[in-house]
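Each chain, letter by letter, is given below.
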Amino acid sequence: MSDLPAGAAYLAYDGTELHAGRGPGRCFMIDARCLHGEPVAGAYAHVCALPDADAALAYDQPEIQQVRRDAMAWWIGLLGDALVCLTTLALDEARYGGAITVTREPVRWEDDPFARIFPGTVVRSDLFCVVTPPAGPVVERYAGVAWPGGTFAPKPGAPS
Amino acid sequence: MTAATVSLEPGQRFPDLDLPDHTGRDRRLSEVAGGDPVVLVFSRGWWCPKEQRHLREMTALQDEFEVAYTRLVVVSVDAPEVQSAFRAGLGARFVFLSDAERRWLEPLGLLEETDTLHEPYRPTAFTLHPDLTIHRAYDGNWYWGRPTAEELRRDMREISRAVRADFER
């Protein structure tokens with residue numbers, strides 16, 4: 001696991017539960033905004049990832065691009081006000097380990113485009129907070145941060 | 001054109017619009033920009049054949065915008081649910097902002113005065129720096145006044161060159 005880039009946070013998944021931090025379980029990097037706010041109690045996290053270390057693909061593979069395009073095209077809209085947040089799971093600056101969509105209530109998980117890459121498991125969690133979904137159409141990542149996190153905007157107070 | 005209370009000339013800062021998006025979520029233009037260059041399109045609405053044609057051209061560009069850290073935003077007076085259906089029909093993955101209440105029409109001076117039925121926006125487009133400074137403005141009342149794909153590529157290149165420190169290495 002590479003050093004944590006700005007805008008990222010660690011999240012671990014052991015196959016049944018999610019944990020903030022690097023363990024127990026397999027460690028991923030997520031969009032940090034999902035953990036930096038008032039958590040939604042008892043949320044439903046659809047974890048489209050596996051705890052196995054070899055379950056990874058290159059972020060730039062066309063199918064990974066396409067599931068993010070599908071999220072922008074219709075998945076986010078389909079979730080409506082039930083959506084709490086979503087994040088992809090980065091293993092490093094180049095590898096994709098899955099994605100998590102978090103909602104306030106059970107939704108049509110069978111339609112989750114990210115489940116086309118790795119199968120989904122619903123996990124109840126108190127970790128996640130509400131994040132405004134990405135505006136699109138940007139699906140590229142910002143310096144390796146897990147989509148949809150990150151920005152190239154200068155930090156407040158930085159020299160222009 | 002109605003008298004605007006803000007200047008929409010190149011070099012001026014575009015107002016930080018606060019409008020619901022096509023899903024009904026409240027957005028601000030600066031948040032949607034997210035630190036990236038923006039193409040901001042004011043559209044009459046889904047019913048106009050010119051808008052349908054022009055937005056199909058914008059949709060054809062979105063694959064490039066996706067991989068180039070640039071944003072496309074459309075503003076119209078259509079309600080969010082109408083925009084959402086129109087967006088789906090286009091196959092668009094960018095944001096539509098709804099000014100169904102017509103709050104920004106007068107301050108921006110962009111009322112389409114020839115359409116007394118819909119009271120829509122005059123078709124205009126702006127290319128913006130990440131901080132919403134206007135780079136170039138286009139008046140598309142006559143269809144050929146709208147920016148072409150090549151003009152938008154040129155504008156995005158010019159803005160990116162100005163704001164990305166490592167654009168030319």
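From a predicted model like this one, the values you see are computed outputs, not experimental measurements. (Residues numbered from 1 in each chain as written. Chains lettered and ligands numbered in written order. Predicted model: local features only at pLDDT ≥ 70, side-chain atom pairs only at ≥ 80, totals over all residues.)

## A few points about the overall build of chain B
In step 1: Tallying secondary structure elements over chain B gives five helices and seven strands in all.
In step 2: Sequence-ordered secondary structure for chain B, helices as α and strands as β, is β-β-α-β-α-β-α-β-α-β-β-α.
In step 3: Taken over C-alpha atoms, the radius of gyration comes to 15 Å for chain B, in line with the 15 Å a tight globule of 169 residues would show.
In step 4: Per-residue burial over chain B gives 44% buried out of 169 residues.
In step 5: In chain B, 65% of the contacts between residues at least 6 apart in sequence involve partners at least 24 apart. (Helix = DSSP H or I, 4+ residues; strand = E, 2+ residues; numbered from the N terminus. Rg over C-alpha atoms; globule rule 2.2 N^0.38 Å. Buried ≥ 20, exposed ≤ 12 C-beta atoms within 10 Å, placed from the backbone. Contact = placed C-beta atoms within 7 Å.)

## Side note on the environment of Leu8 of chain B
Residue and element names in this part refer to chain B.
In step 1: Following the sequence through the fold, Leu8 ends up in the segment before β1 (18-20).
In step 2: Among the residues examined, Leu8 registers 15 C-beta atoms within 10 Å and is labelled partly exposed.
In step 3: C-alpha of Leu8 to C-alpha of Ile159: the two residues are 151 residues apart in sequence and 17 Å apart in space.
In step 4: Those residues in contact with Leu8, other than ones at most four positions away along the chain, are Leu108, Phe126, Ile134 and Ala137.

## Quick notes on the pairing of strand β1 (residues 8-13) of chain A
Successive residues of a regular strand alternate their side chains across the two faces of the sheet.
Residue and element names in this part refer to chain A.
In step 1: In this structure, β1 lies alongside strand β3 (residues 26-31), joined through six bridges in antiparallel fashion. Bridge pairing in β3 links Tyr13 to Arg26.
In step 2: As paired strands, β1 and strand β2 (residues 18-20) are joined by three bridges and run antiparallel to one another. Each bridged residue has a counterpart across the sheet, and for Ala12 the counterpart in β2 is His19.
In step 3: Joining the antiparallel neighbours β1 and β2 is a turn of four residues, in which Gly15 adopts a positive phi near 105°. (Pairing = 2+ DSSP bridges.)

## Thoughts on the confidence of the model for chain B
In step 1: Averaged over every residue, the pLDDT of chain B is 94; the share at 70 or more is 98%.
In step 2: Both confidence scores are given for the complex: pTM 0.89, ipTM 0.81. (pLDDT = per-residue confidence, 0-100.)

## Concerning the nonpolar core
In step 1: If you look at the biggest cluster of nonpolar residues, it comprises 47 residues, and the most contacted ones within it are Phe28, Ile30, Ala45, Leu89, Val102 and Ala146 of chain A.
In step 2: Ranked by residue count, the leading element in this core is helix α1 (residues 62-79) of chain A, at eight residues.
In step 3: Beyond its immediate chain neighbours, meaning those up to four positions away, Ala45 of chain A contacts Leu18, Ile100, Val102, Val123, Ser125 and Phe128 of chain A.
In step 4: Membership of the second largest hydrophobic core comes to 37 residues, among which are Met58, Leu72, Val75 and Leu97 of chain B. (Core = buried A, V, L, I, M, F, W, Y, C linked by C-beta atoms within 7 Å.)

## A short note on the interface of chain A and chain B
In step 1: Listed as interface residues are 16 residues of chain A and, on the opposing side, 19 residues of chain B.
In step 2: Classifying every residue of the side of chain A that touches chain B by side-chain character gives nine nonpolar, five polar and two charged. (Nonpolar A, V, L, I, M, F, W, Y, C, P; charged D, E, K, R; others polar.)

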